[in-house]
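Okay, here's what each chain looks like letter by letter:
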Amino acid sequence: MNGAISPTILGRLEWLSLPFVRAWQNPTPDELIGAGAATIVVVGMAGTIALITALGKWRYLWRDWFTSVDHKKIGIMYVVLAFVMMSRAVVEGVLMRMQQATAINAPGIVEPDHFAQLFSTHGSIMIFFMAMPFLTGMINYVMPLQIGSRDVAFPLLNSISLWLTGGAAGLMMVSLVIGQFSTGGWSGYPPYTELEFSPDVGPDYWIWAVTLGSIGSTLSGLNFAVTIYKMRCAGMTMMRMPLFCWTTLCTSILMIFAMPPLTVATAMLALDRYLGFHFFTNDLGGNMMNYANLFWLFGHPEVYILILPAFGVYSEVVSTFSSKELYGYRSMVIATMSIAVMSFTVWLHHFFTMGQSASINAAFGIATMAIGVPTGVKIYDWIWTMFMGQVRFTVPMLYSLAFMMTFVLGGLTGIILAFPPLDYLVHNTLFLVAHFHNMLIPGLLYGMLAGYHYWFPKAFGFRLNEKWGQLAFGCWVVGFYLAFMPLYVLGAAGMARRTAEIFEPAFRPWLYVAGIGALILLAALVALFVQLWVSIREREANRVDAGDPWDGRGLEWSIAGPPPEYNFAVLPTVSGGDPFYTSKRNGDAYLPPERYENIEVPKNSVVGPLLGVFSAATGFALVWHMWWLAILGMLAIIITVIARSFIRDTHRIVSATEVERVDLAWRDKLFASRSISREMETTSANQGFAEVAA
Amino acid sequence: MSAAEAKHAGINLGDSDRETHEKAGSEIFGFWIFLMSDAVIFALLFATYGVMLRGTAGGPSAADEYRILPAFIETLILLTSSFTFGMASVAMKHGRGLRTVLAWMVITLALGLGFLAMELRDFSTMIADGALPSRNGNLSSFFALVPLHGLHVAAGCLWLAVMLVQVPCFGLDKRVKINLLRLGLFWHFLDIVWIAIFSVVYLQGLIR
Ligand code: HEM
Ligand SMILES: [Cu+2]
């Protein structure tokens, strides 16, 4: 059973590449866990396919979703992808905690090599296939609505980005079933990931998944930036945009300039591995430090790509649920921009210990601490926004509050790490792991969840269940503190990160607490899914299709929930910040338009799904050295793009009468709804029509 | 710009074609952003080349192996092609007729292919002399930077070929015009990158 099955066709694929075969030959718990995970993927896929077939929904999915270029549908698909990938990565995180809790002077449940795959996939997925899709989806859905636009600047490109990301996520999933993943961590440092030390397919899966994902993100950033610069509605000056649009703009700029370093780094690593180049090898003039610089030239701006959109969500949420204008809007904009610019000047703090001079370290340490200043400004602004406001503790608001307190703690430990002498003591320990989870869970995950609860009624026309939402929230917060605070202690006591076995019995109690915390985090995830299920079941009671459940402030609330595909029957004109909130107060919200016009919308396109499939196939072929398939895949990509350029019939018209019919139907519903006060917004009396105090 | 203000950097169609001009605003701006992102890739490869100058591991460096004269001729060819593409753009803007536009495009394509042919010959002599990218880090970085530019030129040539079919097919409609504007930016961008390559890689090699 050894050796490649058919080198010309299947490259270096062997029977032993399949975890089922491995588990059959050698049924250790470790192999069984691997085979179990593979089974879940296979059964999950087969089950989904069977279910869709049984329900006869293929045509619907293909026509209404997969080939759609509507920014709202693309946004929702991104978020679905994020939840799927999040489920896998959270389970892996919990598994690692269980391993460390059981591996104190004992082998634990998984082998070291398997443990290394766990932290590599967990980290890569959380960053590239949970966080990035989540925020890209959120931006996609919300930003065009907020600036009063009918779509993003390049709708087809948007679909292509989605499918590239989807294809890359597919590669991650396939690596569970065929072969194995990298053991080199989410940062994939050579020379360890070079052929010399990792000759297996693992790093290749990592390279191609990350490369496809980063190309998708670069294109998304481009798309969003052009949308914001060029597609704002009349009167929507930059300084009138909701803050979420500002953070989107900064995130997009970071994507445009910070994703290429990652692409360059992974491409060079690929050249080393495939064509024998010597960029990062130990011998023949290779220079590993160059990789560290390239990777973190991406890596640090990346953390702000992740965090800024969440800052935007919090700004919207805090202001809406305090019924107050955002305090210090201008300072927020300046702070966001400063963070974006400064994020390019600190990358070296990720390798203080790798040999540069003390003065270089000092310069980067100071720059790092300086970034804390604009972030602090923001925290004060949110606090002042709530001050004397009519604060309501809805689920998004709870996440915002938890964020403000928890994130500040993470920021403080960040300042500790920014001191090179202190960093020498705790680098590469669990202290760092505690620190970045302390930033990313409040600074990304809570933000995205807050946004999910906040805009869900806009996207689907009904509210999410509050009780389950609060339960999930409670679990995320308690679980987070229990799972990650002990890691600060362990890290300060010297426990290295990425350790599969522990030989210090004194760590036991802390590892147990962290293990319990991880289980609570798993419960939080489950609670989110139960909430979704319950909310869908009781949706009739929680309809808010008039579109404005929270007495919202931006243009996205001025239309139906869910909005029609062209968003606005007539493009709005605004004359100040918080336009919808103000016009409700002025009594000129919901004015019927004088006349309706034909609206041109882009037609669906198969190009996105095709490119996603072709590029994932190319990536898979490259991983396994199936050269014929790789060449075929690349040709297919080029042909698809060229063929598309010959298609002229790319738009269709929604007639004025149709627009009028849909708009009037919504208006009927709107005026039949009862307006409600803020006290009642989380009850089923809320139909999405806000009462305006005179 | 008398008829309409400039909507983007580079040649604007405002004076001759209002309608396309309106649409070109975001389309061309988006392409500029793409080029900026691409420029970051080249910038990093230049930096890498600089870092690896001394990574020769006892073998030849790229500077020992390439010939300056062919590189200089390639420079002239590429610069000329930028000029001819410029002529195509101007002809398109001022409605000089399909034939003129096509003629300039064909000349540009021929120059682009000539550049590629010469460059490939350079690479093959280097490789024949044993200066392979797998020889050392210095050559690796040379063979990442310069051929990546070549790959871009090849992509530009393919794009030109596609446009040579589309111009007769569709005439100078809105999308063809916008695509020609974009391709023009791409072509000139590659010129600028080549000038950087010629100065940083080739000329610098002469000094040492
Ligand atoms: C939700 C519950 C989570 C749990 C239980 C968890 C747990 C863990 C554990 C046990 C590790 C390995 C620590 C070590 O090296 O010893 C880890 C690493 C990591 N986690 Fe998480 N995590 C969670 C959420 C997240 C989130 C939300 C993100 C990012 C958005 C994230 C990003 C990472 C990264 C980047 C690594 C480093 C991987 C590497 O070493 O290459 N995690 N996590
Ligand atoms: Cu950093």
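None of the values given here were measured: they were computed from a predicted structure.

Undergrad: I tried to follow the coordination of the copper ion (ligand 2) on my own but got confused; where do I start?
TA: Six octahedral donors around a metal ideally make angles of 90 or 180 degrees; four tetrahedral donors ideally make 109.5 degrees. Residues and elements named next belong to chain A. Bound to the copper ion (ligand 2) on the protein side are His300 (ND1), His349 (NE2) and His350 (NE2), at distances that span 1.7 to 2.0 Å. For the copper ion (ligand 2), the single-chain donor residues occur in sequence as H-x48-H-H. Placement of the pair is His300 in helix H10 (residues 288-320) and His350 in the loop between helix H11 (329-342) and helix H12 (358-386), with a sequence separation of 50 residues. Given a relative accessible area of 6%, His300 falls into the buried group. Relative accessible area serves as the criterion here: at 29%, His350 is assigned to the partly exposed category.

Undergrad: Got a minute to help me understand the site of ligand 1 in this structure?
TA: Residue and element names in this part refer to chain A. If you check the shell around ligand 1, you find 23 residues, and the closest are His122, Trp186, His437, Arg497 and Arg498. At a separation of 2.8 Å, an oxygen atom of ligand 1 approaches a polar backbone atom of Trp186. Measuring from a nitrogen atom of ligand 1, one finds a side-chain N or O atom of His437 at 2.8 Å. Secondary-structure elements contributing two or more residues to the shell around ligand 1 are helix H5 (71-102), helix H6 (112-146), helix H15 (430-460) and helix H16 (466-492). Ranked by residue count, the leading element in the shell around ligand 1 is H15, at six residues.

Undergrad: Before we go on, may I ask you to explain the coordination of the iron atom of ligand 1 in this structure?
TA: Residues and elements named next belong to chain A. Coordination of the iron atom of ligand 1 by the protein is provided by His122 (NE2) and His437 (NE2), with metal-donor distances spanning 1.9 to 2.0 Å. Seen from the iron atom of ligand 1, its six donor atoms lie at angles of 87 to 179 degrees, and the figure they make is octahedral. Here His122 is found in helix H6, whereas its partner His437 is found in helix H15, with 315 residues between them in sequence. There is no split in this pair, since His122 and His437 are both buried.

Undergrad: Please clarify how the nonpolar core should be interpreted in this entry.
TA: Most often, soluble globular proteins keep nonpolar side chains buried together rather than apart. Formed by 263 residues in total, the largest nonpolar core has its most connected members in Phe134, Trp382 and Trp476 of chain A together with Phe142 and Tyr202 of chain B. For this core, the leading source of residues is H10 of chain A, giving 19 residues. Two domains each provide a minimum of three residues to this core, namely domain 1 (57-543) and domain 2 (544-603 + 650-694) of chain A. Among the nonpolar cores identified, the runner-up in size contains eight residues, and Tyr596, Ile599, Val654 and Ala656 of chain A belong to it.

Undergrad: Mind showing me how you'd approach the confidence of the model for chain A here?
TA: Parts of the model with low pLDDT should not have their predicted coordinates read in detail. Per-residue confidence for chain A gives a mean pLDDT of 95; residues scoring 70 or more make up 100%. Looking at the elements of chain A, mean pLDDT is at its lowest for helix H1 (residues 7-10) of chain A, recorded as 88, and at its highest for helix H17 (residues 508-537) of chain A, recorded as 98.

Undergrad: Would you mind showing me how to read the interface of chain A and chain B here?
TA: In this assembly, 34 residues from chain A lie in contact with 36 residues from chain B. Across the chain A/chain B interface, buried area totals approximately 2800 Å², and carbon plus sulfur atoms make up 72% of it. Considering only the surface of chain A that becomes buried against chain B, Lys230, Phe646 and Arg648 of chain A emerge as the three largest contributors, covering 21% of it. Summed over the shared surface of chain A and chain B, the result is one salt bridge. Between Arg648 of chain A and Asp173 of chain B there is a salt bridge, with the nearest N and O atoms lying 2.8 Å from each other. At the junction of chain A and chain B, the tally comes to eleven residue pairs in polar contact (both at pLDDT 80 or more). Broken down by element, the residue count for the side of chain A that touches chain B peaks at eight residues, all from helix H9 (residues 243-275) of chain A. Its residues placed into classes, the side of chain A that touches chain B shows 22 nonpolar, nine polar and three charged.

Undergrad: How should the pattern of salt bridges be read in this particular structure?
TA: A side chain of one charge can pair with a side chain of the opposite charge when the charged atoms of the two come close. All names here are of chain A. Summed over the entire model, instances satisfying the criterion amount to 23 salt bridges over all chains. Measuring nitrogen to oxygen at the nearest pair gives 2.9 Å for the salt bridge that ties Arg667 to Asp663. With a gap of four residues between them, Arg667 and Asp663 both fall in helix H21 (residues 656-672), about one helical turn apart. Here Arg667 matches Asp663 in class, with each residue buried. Where salt bridges share partners, they join Asp548, Asp551, Lys584 and Arg585 into one cluster.

Undergrad: I would appreciate a short explanation of the packing of aromatic side chains in the present structure.
TA: Both the distance between ring centres and the angle between the ring planes are used here to describe each pair of aromatic rings. Residue and element names in this part refer to chain A. Following the criterion strictly, the structure yields 64 aromatic pairs over all chains and no others. Their ring planes at 45 degrees and their centres at 5.9 Å tell us that Phe128 and Trp186 sit as a pair that is tilted. Here Phe128 is found in helix H6, whereas its partner Trp186 is found in the loop between helix H7 (155-177) and helix H8 (202-230), with 58 residues between them in sequence. Overall, the relative accessible area of 4% leaves Phe128 in the buried class. Note on Trp186: relative accessible area 14%, which makes it buried. Pairing Phe431 with Tyr488 gives two aromatic rings, centres 5.1 Å apart and planes at 70 degrees, and the pair type is edge-to-face.

Undergrad: So what exactly am I meant to see when it comes to the confidence of the model for chain B here?
TA: Considering every residue of chain B, the mean pLDDT works out to 92; 98% of them sit at 70 or more. When mean pLDDT is compared element by element in chain B, helix H5 (residues 137-170) of chain B scores highest at 97, while helix H2 (residues 62-65) of chain B scores lowest at 90.

Undergrad: I would appreciate a short explanation of unusual backbone geometry in the present structure.
TA: Most peptide bonds take the trans form, and the phi angle of most residues other than glycine is negative. Residues and elements named next belong to chain A. With an omega of 0 degrees, the peptide bond between Pro190 and Pro191 qualifies as cis. The residue Pro191 is located in the loop between H7 and H8 in this model. If you check the backbone angles, Arg498 has positive phi at about 55 degrees while not being a glycine. In this fold, Arg498 is placed in the loop between H16 and H17.

What counts as what
Residues numbered from 1 in each chain as written. Chains lettered and ligands numbered in written order. Predicted model: local features only at pLDDT ≥ 70, side-chain atom pairs only at ≥ 80, totals over all residues. Heavy atoms only, no water. Donors = N, O, S within 2.8 Å, 3.2 Å for Na, K, Ca; no water. Helix = DSSP H or I, 4+ residues; strand = E, 2+ residues; numbered from the N terminus. Buried < 20%, exposed > 50% of the residue type's maximum accessible area, 1.4 Å probe, protein only. Near = heavy atom within 4 Å. Polar contact = N/O pair within 3.5 Å; in protein donor to acceptor, adjacent residues only side chain to side chain. Tetrahedral: all angles 85-135°; square planar, octahedral: opposite > 155°, others 65-115°. Core = buried A, V, L, I, M, F, W, Y, C linked by side-chain atoms within 4.5 Å. Domains from an automatic or database assignment. pLDDT = per-residue confidence, 0-100. Contact = heavy atoms within 4.5 Å. Buried area = accessible area lost by both parts, 1.4 Å probe. Salt bridge = Lys/Arg side-chain N within 4 Å of Asp/Glu carboxyl O. Nonpolar A, V, L, I, M, F, W, Y, C, P; charged D, E, K, R; others polar. Phe/Tyr/Trp six-rings, centres within 6.5 Å; stacked < 30°, edge-to-face > 60°.

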